[in-house]
Amino acid sequence: SSSILGEAKVLSEILDKYFSQRNWDESTRQLNNFLTLPLSRELIAKGHYYLAQAYYQNQHYREALLEFLYVQDELPEYSQPWIDSTLALSHHWQND
C-alpha cells in the first residue's frame, strides 16, 4: 500500500540523514520514533536492525544485543554476526 511505501521512505531518509553520517545519537532517536509507527513486519525488523547497529556503534552494547536478538528470527543472516561481535565485547559493557 502507499502507506507502507511512505514508511519505507521515512526509514530511507533516517538512514541517509543520520545513520550514513554516523550520527548515532540522532539515529537512535529517529529510529525509536520510527518504530512507534504502524509498520509492516519487514519494516519493523529493518528498523530494529538499524537501531541495533546504531546502539552498537555508540558502544551501547547491552541495548544493541537486545535489538539484534529481537530480529534474529526475521534476519538471522544479518543479525548473527552482530550478536557474536556484541557478546565478544561484553567486557566493555557499561554498568547501566
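To be clear, the structure that these remarks concern was listed above.
Our subject in this report is the structure included herewith. All values derive from a computational prediction rather than experimental measurement.

## A few points about the overall build of the protein
A count of helical and extended segments in the protein gives five helices and zero strands. In sequence order, the protein lays out its α and β elements as α-α-α-α-α. For the protein, the C-alpha radius of gyration of 13 Å lies close to 12 Å, the compact-globule estimate for 96 residues. By principal-axis analysis of the C-alpha atoms, the protein measures approximately 45 × 25 × 20 Å. For the protein, the residues scored as buried account for 38% of the 96 residues in total. Sequence-distant contacts in the protein: of pairs separated by 6 or more residues, those separated by 24 or more amount to 50%. By element, 50% of the accessible surface of the protein is carried by carbon and sulfur atoms, the whole surface being about 5,900 Å². Averaging the coordinates of the 7 positive side-chain charges in the protein and doing the same for the 13 negative ones gives two points 5 Å apart.

## Some remarks on the environment of Y56
Locating Y56 in the fold gives a position in helix α3 (residues 41–57). For Y56, the residues in contact, after removing those within four places along its chain, are Y61, A64, F68, W82, S85, T86 and L89. Here the side chain of Y56 touches S85 through a polar contact of 2.6 Å, side chain to side chain.

## Some points on the nonpolar core
Residues L11, F34, Y56 and F68 are the most contacted members of the largest nonpolar core, which totals 26 residues. Secondary structure elements with two or more residues in this core: α1 (2–19), α2 (24–34), α3 and α4 (61–70). If one sorts the elements of this core by residue count, α3 sits on top with eight residues. With near-sequence residues (within four places) excluded, F34 lies in contact with E7, V10, L11, I14, L39, L43 and G47.

## A few points about the side chain of T28
Looking at the element boundaries, T28 is found in helix α2. Once residues lying within four places of it in the same chain are set aside, the contact partners of T28 are L51, A54 and Y55.

## Here's the deal with helix α5 (residues 76–88)
Relative to the 18 Å expected for 13 residues at 1.5 Å per residue, α5 spans 18 Å between its end C-alpha atoms, a close match to the ideal helical length. By the burial criterion, the buried members of α5 are S79, I83 and T86. Projected onto a plane normal to the axis of α5, the buried residues spread over an arc of 70 degrees and lie on a single side. Turned more than 90 degrees away from the buried face of α5, the exposed residues are E77 and A88. Where α5 is buried, its residues touch α3 and α4.

## Regarding the packing of α2 against α3
Packing of α2 against α3 leaves a shortest axis separation of 9 Å and a crossing angle of 155 degrees. The orientation of α2 with respect to α3, classified from their angle, is roughly antiparallel. Note that α2 runs across α3; the crossing there is left-handed. For the pair α2 and α3, contact is made by W24, S27, T28, L31, N32 and F34 and by L43, G47, Y50, L51, A54, Y55 and Q57, respectively. Residues that form the contact of α2 with α3 fall into these classes: eight nonpolar, five polar and no charged.

What counts, and where the lines are drawn
Residues numbered from 1 in each chain as written. Predicted model: local features only at pLDDT ≥ 70, side-chain atom pairs only at ≥ 80, totals over all residues. Heavy atoms only, no water. Helix = DSSP H or I, 4+ residues; strand = E, 2+ residues; numbered from the N terminus. Rg over C-alpha atoms; globule rule 2.2 N^0.38 Å. Buried < 20%, exposed > 50% of the residue type's maximum accessible area, 1.4 Å probe, protein only. Contact = heavy atoms within 4.5 Å. Areas by Shrake-Rupley, 256 points an atom, 1.4 Å probe, with all protein chains shown as cover. Lys, Arg positive; Asp, Glu negative; His and termini not counted. Charge placed at Lys NZ, Arg CZ, Asp CG, Glu CD. Polar contact = N/O pair within 3.5 Å; in protein donor to acceptor, adjacent residues only side chain to side chain. Core = buried A, V, L, I, M, F, W, Y, C linked by side-chain atoms within 4.5 Å. Expected span 1.5 Å × (residues − 1). Arc of directions from axis to C-beta. Axes fitted to C-alpha atoms, helices over the stretch in contact; angles between N-to-C directions. Parallel < 35°, antiparallel > 145°, perpendicular 65-115°, else oblique. Left-handed = near helix turned anticlockwise from the far one by under 90°. Nonpolar A, V, L, I, M, F, W, Y, C, P; charged D, E, K, R; others polar.

That's the geometry; what it means functionally is another story.
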